[in-house]
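A closer look at the structure
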Amino acid sequence: MPRDTLDEVPDETLLVLYANGDPEAARLLTSRLTPRVLGYATRLLSDRAEAEDVTQEAMLRLWKVAPDWRTGEAQVSTWLYRVVTNLCTDLRRARGRRPGVGLDDAPELASAGASAVATMIEADRMAALNSALASLPERQRQAVVLRHIEGLSNPEIGAIMDLGVEAVESLTARGKRSLAAVLAGRKAELGYEDEAEEGV
Amino acid sequence: MDKDFDLDALLAEAAEVRVTPSAELSSLILRDAVRLQPKPQPWPQPFVQKEEPQVSAGGFFGWFTAFADVLGGGRAVAGLSLAALTGLYLGVAQPNLMQSLTFSLAADSTVSDQIDLLPATGTLWTEN
C-alpha cells in the first residue's frame, strides 16, 4: 500500500497490514514507534546501548505477536510500553545495579534553531533530570516517566504497570515529590541558580 | 514545589525532547520485521465450473445429436431403438417360440370357479 495513504492509519491497523504481508506497514510502524520506545527505555535505563537492545527486543516481540494480534483489546503503543517496562525491570534485576547516568546517556536533543549555549544548557538540564529520575525507586520512575514525559493517562499507566488508577496516582505523586527533592539540590545544573542570582 | 524551579515545566521540556534512533538500530529492527513478516496469502480463487466440450456437428448428425440430447443422450436413444425393434419383431414375425409359450401357459390354466352374473331367465317364460 502506498505510504501516503498509510500516514493517517492507526498503529493497530498497520500491524494487521504487516501481518498480512504489507512491507510498507513495517517501515511506517518502525519509524512511528521506535523513537518512543527508545526514549522510554533510555529514561528507564539511563544507558543508551542497553536501551537500544531493549528497543530491538521489544520491536522483535511486536513483529512476532502481529499474526495473533487481537484487535480492540489493547493499543499497540500501550502493549509496547508494557513490554519495555518488563524488559527494563528484568535487565536491571539481572545486572543487579542501579543505573549510573552521564551526560552522554542523555537523549539526543532534536530542537532545531536553538543557539549553541541554549542547547548546552538544555542538555545539562535534561542530564540532571535523567540523573534525578534514575535515583528514584523503579516503580516511581516508571510512573513519573509514563505520566509526565510520555504523556499517558492514569488508566493506561495502570494497564502497563498492572496497577489500579489510585495506585498510579499515588505512585506518580510520590515520584514527583522525590524528584523535586532531588532536583532542589541541583539548581545549578538546571540553570536556575544563575537566573536567581541575576534576579537579586 | 520548589520555589526556584518548576518541575512540571522541566518535565514538559523533557517530553518535547525527541530521541532519534540511530540508522543502525532502525535497519536492525526493519531487518527483523522483514524476516518475521508472514508471506502474503493469495486470495482464494473463485470456483469455475468446467464447461463440457461442445461437439460441433453439422447437417443430419448435428440434428441427430441435438435430438439424442433431448431424449437423454446416446445411450437412451440406443435403448429406445432396441426396444422398438424388439417390439416390431415380435409383432410382425410372431416367432413360434412365443406362440408355443403362450399356448402352453394358456392350456395349463383351468377356470376353477365361475360366477354367473346374469342368471338365465328363460324358465320364467315357460308354461308348465
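This one's a predicted model, so the numbers in the text were calculated from it and none came from an experiment.

So, the overall build of chain A
Scanning chain A from N- to C-terminus turns up eleven helices and zero strands. Walking chain A from its N terminus toward its C terminus, one meets helices and strands in the order α-α-α-α-α-α-α-α-α-α-α. Here chain A holds 200 residues, and 48% of them are scored as buried. If you take every contact in chain A between residues at least 6 apart in sequence, the share linking residues at least 24 apart comes to 64%. Total accessible area on chain A stands at roughly 9400 Å², and carbon and sulfur atoms take up 50% of it.

Description of the overall build of chain B
Of regular secondary structure, chain B possesses five helices and zero strands. Starting at the N terminus, the α and β elements of chain B follow one another as α-α-α-α-α. Of the roughly 11300 Å² of accessible surface on chain B, a fraction of 62% belongs to carbon and sulfur atoms.

Structural notes on helix α9 (residues 165-184) of chain A
Residue and element names in this part refer to chain A. In a regular helix each residue adds 1.5 Å, so 20 residues correspond to 28 Å; α9 covers 28 Å between its end C-alpha atoms and thus fits that length. The set of residues buried in α9 consists of V168, L171, T172, G175, K176, L179, A180 and L183. Projected down its long axis, α9 carries its buried residues within an arc of 165 degrees, all on one side. In α9, those exposed residues whose orientation departs by more than 90 degrees from the buried face are E166, R177 and A181.

A closer look at helix α4 (residues 48-65) of chain A
Over its 18 residues, α4 of chain A runs 26 Å from end to end, which matches the ideal 26 Å to within 8%, given 1.5 Å per residue. Three or more residues of α4 of chain A are buried, namely R48, E50, A51, E52, V54, T55, Q56, A58, M59, L60, L62 and W63 of chain A. Where α4 of chain A is buried, its residues meet α2 (11-19), α3 (23-45) and α5 (76-95) of chain A together with α2 (23-36) of chain B.

Things to note about the packing of aromatic side chains
Scanning all chains against the criterion turns up four aromatic pairs over all chains. Aromatic pair Y18 of chain A and W63 of chain A: ring centres 4.8 Å apart, planes at 45 degrees, arrangement tilted. Here the residue Y18 of chain A occupies a position in helix α2, and W63 of chain A occupies one in helix α4, the gap between them amounting to 45 residues. Here Y18 of chain A and W63 of chain A have matching classes, each one buried. Their ring planes at 0 degrees and their centres at 5.5 Å tell us that W63 of chain B and F67 of chain B sit as a pair that is stacked.

Quick word on the packing of α5 of chain A against helix α8 (residues 154-161) of chain A
Residues and elements named next belong to chain A. Packing of α5 against α8 leaves a shortest axis separation of 8 Å and a crossing angle of 45 degrees. It follows that α5 is oblique to α8 by the angle criterion. In this structure, α5 meets α8 at a crossing whose hand is right-handed. For the pair α5 and α8, the contacting residues are T78, Y81, R82 and T85 in the first and E156, A159 and I160 in the second. Of the residues in the contact of α5 with α8, the class split is three nonpolar, two polar and two charged.

Points about the side chain of R141 of chain A
All names here are of chain A. Note that R141 resides in helix α7 (residues 138-149). One buried charged side chain, R141, makes no salt bridge at all; its nearest oppositely charged neighbour is E138, positioned 4.8 Å away. Contact partners of R141, with chain neighbours within four places excluded, come to R43, L44, R92, L133, A134 and L136.

A look at the interface of chain B and chain A
At the interface, 30 residues of chain B touch 43 residues of chain A. Approximately 3300 Å² of surface area, both sides summed, lies buried where chain B meets chain A, with 68% of it carried by carbon and sulfur atoms. Inspection of the region where chain B meets chain A yields two salt bridges. Among the ionic pairs, R125 of chain A bridges to E13 of chain B, the shortest N-O distance being 3.5 Å. Counting across the chain B and chain A interface gives eight residue pairs in polar contact (both at pLDDT 80 or more). Among the residues making up the side of chain B that touches chain A, the classes are represented as 18 nonpolar, four polar and eight charged.

Side note on the packing of α3 of chain A against α7 of chain A
Residue and element names in this part refer to chain A. Orientation of α3 relative to α7, taken along the N-to-C sense of each, is 145 degrees, at an axis distance of 10 Å. Our pair here, α3 against α7, has a crossing hand that is right-handed. Residue-level contacts link Y40, R43 and L44 of α3 to R141, Q142, V145, L146 and I149 of α7.

Quick word on the layout of surface pockets
Here the largest pocket defines a volume of roughly 200 Å³. In terms of lining, the largest pocket is formed by 15 residues, of which the most central are R36 and E150 of chain A together with A15, V17 and R18 of chain B. Elements with a minimum of two residues in the lining of the largest pocket: α3 of chain A together with α1 (7-16) of chain B. Here the lining of the largest pocket takes six residues from α3 of chain A, the largest share from any one element.

Some points on unusual backbone geometry
Excluding glycine, residues mostly carry a negative phi; peptide bonds, for their part, are mostly trans. Residues and elements named next belong to chain A. Phi is positive for S46, close to 55 degrees, though the residue is something other than glycine. Counting through the fold element by element, S46 comes out in the loop between α3 and α4. The phi dihedral of D162 is positive, around 60 degrees, even though this residue is not glycine. Looking at the secondary structure, you find D162 in the loop between α8 and α9. Residue classification places D162 among the exposed positions, given a relative accessible area of 57%.

So, how was this worked out
- The residue count restarts for each chain, going from 1 along the sequence in the order it is written.
- Lettering of chains starts at A and numbering of ligands starts at 1, both following the order in which they are written.
- Note on the predicted model: pLDDT of at least 70 is required for a residue's local features to be given, and 80 or more for side-chain atom pairs to be given and counted; whole-chain, interface and lining totals, by contrast, use all residues.
- Derived side-chain values reflect all non-hydrogen atoms in the structure, with water molecules and hydrogen atoms excluded from consideration.
- Runs of E in the DSSP output that reach at least two residues are strands. Runs of H or I that reach at least four are helices, and both are numbered from the N terminus.
- Per-residue accessibility, obtained with a 1.4 Å probe over protein chains only, is compared with the maximum for each type, and a residue is labelled buried under 20%, exposed over 50%, and partly exposed between these values.
- Every residue pair with non-hydrogen atoms within 4.5 Å of one another is taken to be in contact.
- Here, Shrake-Rupley sampling with a 1.4 Å probe gives the accessible areas, and only protein chains in the shown set may cover a residue.
- For a helix, the expected span equals 1.5 Å multiplied by the number of residues minus one.
- Each direction from the helix axis to a C-beta atom contributes to the arc, which is the arc of those directions.
- The rule is short: rings of Phe, Tyr and Trp, with Trp giving its six-membered ring, pair when the centres are within 6.5 Å, and they are stacked under 30 degrees, edge-to-face over 60, tilted in between.
- Axes here refer to lines fitted to C-alpha atoms; in helices the fit is confined to the stretch in contact. Angles between the N-to-C directions go from 0 to 180 degrees.
- In this scheme, roughly parallel covers angles under 35 degrees and roughly antiparallel covers those over 145, while 65 to 115 is roughly perpendicular and the rest are oblique.
- Whether a crossing is left-handed or right-handed is set by the direction in which the near helix is turned from the far one by less than a right angle, anticlockwise for left-handed and clockwise for right-handed.
- Each residue is assigned to one class: nonpolar for Ala, Val, Leu, Ile, Met, Phe, Trp, Tyr, Cys and Pro, charged for Asp, Glu, Lys and Arg, and polar for all the others, Gly among them.
- Charge counting treats Lys and Arg as positive and Asp and Glu as negative, with His and both chain ends excluded.
- In what follows, salt bridge is the name for a side-chain nitrogen of Lys or Arg lying within 4 Å of a carboxyl oxygen of Asp or Glu.
- Two parts placed together each lose some accessible area under a 1.4 Å probe, and adding up what both lose gives the buried area.
- Contacts described as polar in this section are N or O atom pairs within 3.5 Å, which, within protein, must combine one atom able to donate a hydrogen with one able to accept it, while residues neighboring in sequence count only if both atoms come from side chains.
- Points on a 1 Å grid, built from protein atoms alone, make a cavity when a 1.4 Å probe fits but cannot get out and make a pocket when they are open with protein on both sides within 12 Å along at least 5 of 7 lines; residues with an atom within 4 Å of a point are the lining residues.
- Grid points are joined across faces, edges and corners, and a volume is the space filled by probe spheres set on the points.

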